[in-house]
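Overview (structure and organization)
Here is what each chain is made of, one letter per residue.
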Amino acid sequence: QVQLVESGGGLVQAGDSLRLSCAASGRTLSRYAMGWFRQAPGKEREFVAAISRSGGYTYYVDSVKGRFTISTDNAKSTVYLQMNSLKPEDTAEYYCAARISLYMDDVPRTGFSSWGQGTQVTVSS
């Protein structure tokens, strides 16, 4: 099973940018589709973005489309979430997740089996 460690969270102002990183160890990312989720206080964890094994296909929740970009660097076994034009409602704990995928271009939104410990993102107004 792949181990995931997130980093890059912090406190920023509305309109700022952050890039989250997720470093994987134990397995090569080439077998996995990857995703980012978030959980705000008092709310359920929600899907944010995912990327296929091939890296060629992505999917985003509507609230972040056009502002967030997910990408992978398989050589570095790292997944990124570039977050631009941040809003206070983006404040949450952000989690990286992995799911073994049989298909190179599949972009799952559920069924992730490996999770990181999370990194906090706080956006002030």
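Just above sits the structure.
Cut-offs and rules
Residues numbered from 1 in each chain as written. Predicted model: local features only at pLDDT ≥ 70, side-chain atom pairs only at ≥ 80, totals over all residues. Heavy atoms only, no water. Pairing = 2+ DSSP bridges. Helix = DSSP H or I, 4+ residues; strand = E, 2+ residues; numbered from the N terminus. Axes fitted to C-alpha atoms, helices over the stretch in contact; angles between N-to-C directions. Buried < 20%, exposed > 50% of the residue type's maximum accessible area, 1.4 Å probe, protein only.

Judged by pairing direction, the sheet is antiparallel, and its four strands sit side by side in the order 1-3-8-7 without closing on themselves. Bordering the open sheet on either side are strand 1 (3–7) and strand 7 (68–73), each of which pairs with just one other strand. Geometrically, the sheet is characterised by an average inter-axis angle of 15° between neighbouring strands, direction not taken into account.

For the rest of this paragraph, the subject is the pairing of strand 11 (residues 119–124). A one-sided burial pattern is seen for strand 11, the buried positions being Thr-119, Val-121 and Val-123 and the unburied ones Gln-120, Thr-122 and Ser-124. Note: strand 2 (residues 10–13) against strand 11, four bridges, orientation parallel. The residue bridging Gly-10 from the neighbouring strand is Val-121, located in strand 11. Sheet analysis places strand 9 (residues 92–100) next to strand 11, joined by three bridges and oriented antiparallel. Following the sheet pairing, Glu-93 is matched in strand 11 by Gln-120.

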